[in-house]
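# Summary of the model geometry
The residues making up each chain are set out below.
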Amino acid sequence: MEVVITATPREAGLLVADVLEDYVRAGATLGLATGSSPEPAYEELVRRHGEERLDFGACRAFLLDEYVGITADHPQSYRRTIRWMLADRVGLAVAGPDGTAADLRAEATAYEEKIREAGGIDVQLLGLGTDGHVGFNEPGSSLSSRTRVKTLTEQTLADNSRFFDSETVPHHVLTQGLGTISEARHLVLVATGAGKARALAAAVEGPVSASCPASVLQLHPHVTVVVDESAAMRLEHAGYYRFAHEHKPEWQGY
Ligand code: GLP
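Here goes a summary of the coordinates provided. (Residues numbered from 1 in each chain as written. Predicted model: local features only at pLDDT ≥ 70, side-chain atom pairs only at ≥ 80, totals over all residues. Heavy atoms only, no water.)

### Description of the overall build of the chain
As a reminder of what qualifies: By the criteria applied, helices consist of DSSP H or I runs no shorter than four residues and strands consist of E runs no shorter than two, each listed in order from the N terminus. What the globule rule says is 2.2 Å times the number of residues to the power 0.38, and the radius of gyration is computed from C-alpha atoms. When checking whether two residues touch, look at their non-hydrogen atoms; a contact exists if any pair is within 4.5 Å. By the counting rule applied here, Lys and Arg register as positive and Asp and Glu as negative, while His and the ends of each chain are not counted. Where a charge lies is defined by one atom per residue type: Lys uses NZ, Arg uses CZ, Asp uses CG and Glu uses CD.
Counting secondary structure elements, the chain contains nine helices and ten strands. Computed over the C-alpha atoms, the radius of gyration of the chain is 17 Å, within 12% of the 18 Å expected from 2.2 N^0.38 for a compact globule of 254 residues. With the principal axes as the frame, the chain shows a C-alpha extent of 55 × 40 × 35 Å. Nonlocal contacts in the chain, meaning residues at least 24 apart in sequence, comprise 78% of its contacts between residues at least 6 apart. When the 23 basic and 35 acidic side-chain charges of the chain are each reduced to a single mean position, those positions are 2 Å apart.

This is how it looks when you write it as structure tokens:
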């Protein structure tokens, strides 16, 4: 696992965009996250698309998760969110699980099958919940779980209520499981702000445990964690991560 600490969320976004750009130029299958953390990276990719001919034409993309009971055109659906954040602006087709399917179990299985048929995900972008979730895998999620319905924690409901005006945040979601996510060839987690510091320290330096679902990243052979100073605040080995990055040879890549 490589941990990179940047001065600001914007710098974190630029670094994530650099990592993703190589995959986009190779026509890779992308795993995308919604939420606010990836926004600076998406903004930068949109800019590069417009100004530097970064072409997404050969890429396919899959979302991590979706709210149950929310249609694809609902303003807060993740399928709609990714369209205005990135997909429609760069000409990228993004698939996501359908949280309105009559049979959610069958939908979850079909979604996994779609990812498999696409040859799996080359690079998966991840945000981090304040309770340590990735996708919507809340604490207690099996580290080998597959795409399925989960119930959100009260903490996540409170965190995400900021997006829902007076409407209630749906309590249920369809999310790729931790086992599903772990099959992506490269995981890139981005976390910024002091609110993520505790979850980040648990994910990166705590024990591997279902109590902190993001700690499953420690079992993956290729992980890049990009964080700003505030999110890095509780990392015990921050000094080493900085040292390693300062001395990173050009040829090493991410
Ligand atoms: C949400 C999403 C996650 C996201 C996380 C953090 O609930 N399901 O995919 O990464 O919580 O969100 P944010 O980046 O807005 O802090």
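### Re the site of the ligand
Convention followed: A single heavy atom is enough: if one lies within 4 Å of a molecule or strand, its residue is considered near that molecule or strand. Any N or O atom pair separated by 3.5 Å or less is treated as a polar contact, with the protein-specific requirement of one donor-capable and one acceptor-capable atom, and with residues adjacent in sequence counted only for side-chain atom pairs. All accessibility values rest on the Shrake-Rupley procedure with a 1.4 Å probe; residue burial counts only the protein chains present in the view. Polarity classes work like this: nonpolar for Ala, Val, Leu, Ile, Met, Phe, Trp, Tyr, Cys and Pro, charged for Asp, Glu, Lys and Arg, and polar for all others, with Gly in that last group.
The local shell around the ligand holds 13 residues, among which Ser-36, Ser-37, Asp-65, Phe-136 and Lys-196 are the closest. One nitrogen or oxygen atom from the main chain of Gly-135 is found 3.2 Å from a nitrogen atom belonging to the ligand. Side-chain polar atom of Lys-196 to an oxygen atom of the ligand: 2.6 Å apart, as the coordinates give it. Taking 390 Å² as the accessible area of the ligand by itself, protein coverage stands at 95%. In terms of residue class, the shell around the ligand is made up of three nonpolar, seven polar and three charged.

### Topic: the sheet that holds strand 4 (residues 65-67)
Paired through backbone hydrogen bonds, the strands of a sheet run either parallel or antiparallel to each other. Counted only if it meets this: Think of it this way: DSSP has to see at least two bridges between two strands before they count as a pair. Fitting a line to C-alpha atoms yields each axis, with helices limited to the stretch in contact; the angle taken between N-to-C directions then spans 0 to 180 degrees.
Taken together, three strands build an open sheet; the order of strands is 4-8-7 and the sheet is antiparallel. Every other strand in the sheet has two partners, leaving strand 4 and strand 7 (148-151) as the edge strands with one partner each. This sheet shows a mean twist of 30 degrees between the axes of neighbouring strands, independent of strand direction. Sheet topology places strand 7 next to strand 8 (residues 172-175); four bridges connect them, and they run antiparallel. Across the sheet, the residue bridging to Arg-148 is Thr-175, located in strand 8.

### As for the pattern of salt bridges
Spelled out, the test is: Take a side-chain nitrogen of Lys or Arg and a carboxyl oxygen of Asp or Glu: if they are within 4 Å of each other, that pair is a salt bridge.
Scanning the model with the defined rule gives 17 salt bridges in all. Two residues, Arg-146 and Glu-112, come together in a salt bridge whose shortest N-O distance is 2.8 Å. Residue Arg-146 is found in the loop between strand 6 (123-126) and strand 7, and its partner Glu-112 is found in helix 4 (residues 104-117); the two are separated by 34 residues along the sequence. The partner of Asp-122 in a salt bridge is Arg-185, with the nearest N and O atoms 2.7 Å apart.

### Description of the side chain of Thr-180
Put simply, the rule is: Relative accessibility under 20% of the residue-type maximum defines a buried residue, over 50% an exposed one, and the middle range a partly exposed one, all with a 1.4 Å probe and only protein chains included.
As for its position among the elements, Thr-180 is in helix 6 (residues 178-182). The exposure class of Thr-180 is buried, given its relative accessible area of 8%. At 3.4 Å, the side chain of Thr-180 and the backbone nitrogen of Thr-147 are in polar contact. In contact with Thr-180, not counting residues within four places along its chain, are Glu-112, Ser-145, Arg-146 and Thr-147.

### A few points about the nonpolar core
Selection rule: Only buried residues count toward a nonpolar core. Its members are Ala, Val, Leu, Ile, Met, Phe, Trp, Tyr and Cys residues joined through side-chain atoms within 4.5 Å.
If you look at the biggest cluster of nonpolar residues, it comprises 76 residues, and the most contacted ones within it are Leu-30, Leu-92 and Leu-200. The biggest single contributor to this core is helix 1 (residues 9-25), with eight residues. Discounting chain neighbours no more than four positions away, the residues touching Leu-200 are Leu-128, Leu-189, Ala-191, Glu-205, Val-225, Val-227, Ala-231, Ala-232 and Leu-235.

### Considering the packing of aromatic side chains
Quick reminder of the rule: Put simply, two rings from Phe, Tyr or Trp (the six-membered ring, in Trp's case) pair if the centres are within 6.5 Å, and we call them stacked under 30 degrees between planes, edge-to-face over 60, tilted for the rest. Placement of a positive charge over a ring is assigned whenever Lys NZ or Arg CZ falls within 6 Å of the ring centre and within 35 degrees of the normal to the ring plane.
Counted by the stated rule, this structure contains six aromatic pairs. Taking the centre distance of 5.5 Å and the plane angle of 55 degrees together, the rings of Tyr-67 and Phe-136 count as tilted. Of this pair, Tyr-67 sits in strand 4 while Phe-136 sits in the loop between strand 6 and strand 7, and the two are 69 residues apart along the sequence. A relative accessible area of 1% places Phe-136 in the buried class. Measuring from ring centre to ring centre gives 5.3 Å for Tyr-67 and Phe-164, while their planes differ by 90 degrees; the resulting arrangement is edge-to-face. Here Phe-164 lies in the loop between helix 5 (154-160) and strand 8 and Tyr-67 lies in strand 4, a separation of 97 residues in the sequence. Of the two residues examined, Tyr-67 and Phe-164, each falls in the buried class. Among the aromatic residues, those joined into a cluster by ring pairs are Tyr-67, Tyr-78, Phe-136 and Phe-164. Note that Lys-248 overlies the ring of Tyr-254, its terminal NZ or CZ placed 4.3 Å from the centroid.

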